[in-house]
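A structural walkthrough
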Amino acid sequence: MRSWRGAARPQVTPSPNIWHWPELFEVENQAQDATGALWSALRERCDWAGRDVVDIGCGDGFHLPLFAAEARSVIGVEPHQPLVERARHRVAGTPGVDVRQAPAQQLPLADASADLVHARTAYFFGPGCEPGLAEAERVLRPGGVLAIVDLDAGSSPYGDWMRADAPQVDPVAVESFFQLHDFDSTSVDTVWRFDDREALEAVLRIEFSAKVAARAARETTGCTLPVRYRLRIRRKPSGLLRP
């Protein structure tokens, strides 16, 4: 196993939502992908049944049991200690599941030990994430898949609100980055469905500034948000490449 012990840890950027409001982020997680379209697209591209899965930036472990229902083994990796403890509590007693504290740039995993490395709205946001890409490639077996899931900042309405708060986000540059790094990217349309408006508006307030959250609430009817994701897939070569 490659070890990061003794080496300087990379700086980790705090997550603006789940680090501070894990209970509300649980509500958000439960609302996301109410149609199941994202999970279906992920399974179609990289079925994890009977495979070894790594979930980078797993937060408090919401997705770990979903993978564990069919995977051979699941390892969640999360840099924020309070979330690591919450994730361990969530999966306590679930066979084949482990949670480790580490950043995406220094995975505490052996070379060629995973079939699927999954990251959802965590760390891999475009230019600057090259160290994490290299680590994911290291831990994947030949033929393994790196699957990155992120919100589409170029799609309305959610992408409009994202750019209003973070005008430095350039969807075109992000797409170019992942294309340059040999990812096959696909759009997946789904919805976030909340039990009531109170929950929807509370989640908007942890995702956006007060001004943008108020705008998003005004522009949203009912308890459902249409959202577009980008699913990015890169498969590690399974044999020697010939010129």
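Summary of the structure given here. (Residues numbered from 1 in each chain as written. Predicted model: local features only at pLDDT ≥ 70, side-chain atom pairs only at ≥ 80, totals over all residues. Heavy atoms only, no water.)

1. Digging into the pairing of strand β4 (residues 114–120)
- With seven of seven residues buried, β4 lies mostly within the body of the structure.
- In this structure, strand β1 (residues 52–56) lies alongside β4, joined through four bridges in parallel fashion. Directly across from V54, in β4, lies its bridge partner V117.
- Here β4 pairs with strand β5 (residues 140–151) via six bridges, running parallel. (Buried < 20%, exposed > 50% of the residue type's maximum accessible area, 1.4 Å probe, protein only. Helix = DSSP H or I, 4+ residues; strand = E, 2+ residues; numbered from the N terminus. Pairing = 2+ DSSP bridges.)

2. Looking at the sheet that holds β1
- Read from one edge to the other, the open sheet built from seven strands follows the order β3-β2-β1-β4-β5-β7-β6, with strand pairing classed as mixed. At either margin of the open sheet sits one strand with a lone partner, and together these are β3 (97–101) and β6 (184–193). On average, each strand axis in the sheet is inclined to that of its neighbour by 20°, with strand direction left out of account.
- Pairing geometry for strand β2 (residues 73–78) and β3, over five bridges, is parallel. Across the sheet, residue V74 finds its bridge partner in β3, namely V97.
- Contacts between helix α4 (residues 81–91) and the sheet are confined to β2 and β3, with β3 contributing the most and set at about 170° to the helix. (Axes fitted to C-alpha atoms, helices over the stretch in contact; angles between N-to-C directions. Contact = heavy atoms within 4.5 Å.)

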